[in-house]
Amino acid sequence: MILDSYRIATEPYYQPQGQEIATFLAAYHERLPIMLKGPTGCGKTRFIEHMAWRLGKPLITVAAHEDMTAADLAGRYLLEPSGTVWHDGPLTLAVRHGAICYLDEIVEARQDTTVVIHPLTDARRILPLDKHNEIVPAHSDFQLTISYNPGYQSAVKDLKESTKQRFIAIVFGYAPPATESAIVARESGADADLARLLVTIAERSRNLQGHGLDEGASTRMLIHTGRMVRAGLPLPVAVQSGIVLPITDNPDIRAALSDAIEACLP
């Protein structure tokens, strides 16, 4: 079938933090659009992958960027040997055939691009394709999910209120230390002691948020660091390359963060 390649065959590991699974299931049952809000690397993408697997639905993911146009989502005519042929974009593919469409970091796209999703997020559930002279009614299994990081909000990069108010919102944060340690251990292959140490380091970095750092170390960064240690890199080197160096270019902040981390290392 057309969407078989978008199906998730094995269960993605996800550790619930609250009522996010029940909220998503209720919204999906009513075919209401969902907005996932939270910092980078806290599990938003893994959550939607888990929910697509749980529901047995194909998942089409689009990573938004500043050059993304409405045509990138909806589709366009392309020149082929047989002539000019219309090609559905990822959003149209999901709408037409019934998939979960996940627009990741939607605020990175141009604001005029997000307008294309408005008719899909109200009672109409349609996608007008002006260039193709077609109105595509949403398949009964279609569901739209977007995500964004509120920490990067600005006057330029933020969702319009007219867009936000169309969605059911689920807020994500970093898991409690015990839960985050279990996630890091499972995903990186690190032992329990190393996972707990990495979470402690992350907490030190998160304490600097707003004091030189836009965000602290994400769970994803801890997993990457744990994998570097598992590959044989000494722990201090892995922490520098996996956490300190990626998170800031400011030498003073790096020094302060390194000092805070050094106090955690055995």
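Above this text sits the structure in question.
Residues numbered from 1 in each chain as written. Predicted model: local features only at pLDDT ≥ 70, side-chain atom pairs only at ≥ 80, totals over all residues. Heavy atoms only, no water.

Novice: Any chance you could break down helix α11 (residues 251-262) for me, citing the residues and the numbers?
Specialist: Over its 12 residues, α11 runs 16 Å from end to end, which matches the ideal 16 Å to within 8%, given 1.5 Å per residue. When we look at burial in α11, the residues that qualify are I253, L257, S258, A260 and I261. The buried residues of α11 occupy an angular sector of 160° when projected down its axis, which confines them to one face. Of the exposed residues in α11, those oriented more than 90 degrees away from the buried face are P251, D252, D259 and E262. Contact partners of the buried residues in α11: α8 (192-206) and α10 (235-247). N-cap assignment for α11: the residue whose side-chain oxygen lies 2.8 Å from the backbone N of D252 is N250. (Helix = DSSP H or I, 4+ residues; strand = E, 2+ residues; numbered from the N terminus. Expected span 1.5 Å × (residues − 1). Buried < 20%, exposed > 50% of the residue type's maximum accessible area, 1.4 Å probe, protein only. Arc of directions from axis to C-beta. Contact = heavy atoms within 4.5 Å. Polar contact = N/O pair within 3.5 Å; in protein donor to acceptor, adjacent residues only side chain to side chain.)

Novice: Would you mind going over empty space enclosed by the protein in detail, with residue names and values included?
Specialist: Unfilled space is identified by rolling a water-sized probe across the atoms. Using the criterion set out here, one finds one cavity of 30 Å³ or more in the structure. Reported here for the largest cavity is a volume of approximately 40 Å³. Lining of the largest cavity is provided by R31, L32, P33, L120, R125, F142, Q143 and L144. A per-class count over the lining of the largest cavity returns five nonpolar, one polar and two charged. (1 Å grid on protein atoms, 1.4 Å probe; cavity = no way out; pocket = protein on both sides within 12 Å on 5 of 7 lines; lining within 4 Å. Points joined across faces, edges and corners; volume = space filled by probe spheres on them. Nonpolar A, V, L, I, M, F, W, Y, C, P; charged D, E, K, R; others polar.)

Novice: I'd like a description of the nonpolar core, backed by residues and values.
Specialist: Within soluble globular proteins, side chains that are nonpolar tend to cluster in buried spots. The biggest cluster of nonpolar side chains holds 32 residues, and the ones touching the most others in it are L91, V95, L103, L127, F142, L144 and I146. For this core, the secondary-structure elements that each account for two or more residues are β2 (59-63), α3 (70-74), α4 (90-97), β5 (100-104), β6 (126-129) and β8 (143-148). Examining the composition of this core, we find that four residues originate from one element, α4, more than from any other. Among all residues touching L91, those that are not within four sequence positions of it are L73, C101, V116, I117, L120, L127, F142 and L144. Core analysis: the second largest hydrophobic core is formed by 26 residues, L222, I243, V244 and I261 among them. (Core = buried A, V, L, I, M, F, W, Y, C linked by side-chain atoms within 4.5 Å.)

Novice: Can you break down the sheet that holds strand β1 (residues 34-37) residue by residue, with the values?
Specialist: As summarised here, the arrangement of the five strands in space is β2-β5-β8-β1-β9, forming an open sheet in which the pairing is parallel. Two strands close off the open sheet at either side, each with one partner strand: β2 and β9 (168-171). On average, adjacent strands in this sheet sit at an angle of 20° to one another, irrespective of strand direction. Two elements, β2 and β5, share five bridges in a ladder whose sense is parallel. Its bridge partner lying in β5, A63 is registered against D104. Relative to β9, helix α1 (residues 20-29) is tilted by about 165°, and along the sheet it contacts β1, β5, β8 and β9. The sheet contacts of α4 involve β2, β5 and β8, and relative to β2 the element is tilted by about 160°. (Pairing = 2+ DSSP bridges. Axes fitted to C-alpha atoms, helices over the stretch in contact; angles between N-to-C directions.)

Novice: Describe the pattern of salt bridges, naming the residues involved and giving the relevant values.
Specialist: Inspection of the entire model under this criterion finds 15 salt bridges. E161 serves as the salt-bridge partner of K164, at 3.7 Å between the closest nitrogen and oxygen. Of this pair, K164 and E161 both sit in helix α6 (residues 161-164), three residues apart, which is roughly one turn of that helix. In this structure K164 comes out as buried when scored by relative accessible area, which is 16%. Between R254 and D249 there is a salt bridge, with the nearest N and O atoms lying 3.3 Å from each other. By relative accessible area, R254 is classed as partly exposed at 25%. On the basis of relative accessibility, which here comes to 67%, the residue D249 falls in the exposed class. The structure contains a network of salt bridges with shared partners spanning R46, E49, R186 and E187. (Salt bridge = Lys/Arg side-chain N within 4 Å of Asp/Glu carboxyl O.)

Novice: Please provide a residue-by-residue account of the packing of aromatic side chains, values included.
Specialist: A complete count under the given rule lists four aromatic pairs for this structure. Look at Y77 and W86: their rings are 5.2 Å apart centre to centre, the planes differ by 75°, and that puts the pair in the edge-to-face class. For W86, a relative accessible area of 15% gives the class buried. Here the aromatic residues Y14, F24, F47 and F172 are joined through ring pairs into a cluster of three or more. When the ring centre of Y28 is taken as origin, the NZ or CZ atom of R31, which lies over that ring, is 4.0 Å away. Here the guanidinium or amino end of R206 rests over the ring plane of Y174, the centre of that ring lying 3.8 Å away. (Phe/Tyr/Trp six-rings, centres within 6.5 Å; stacked < 30°, edge-to-face > 60°. Lys NZ or Arg CZ within 6 Å of the ring centre and 35° of its normal.)

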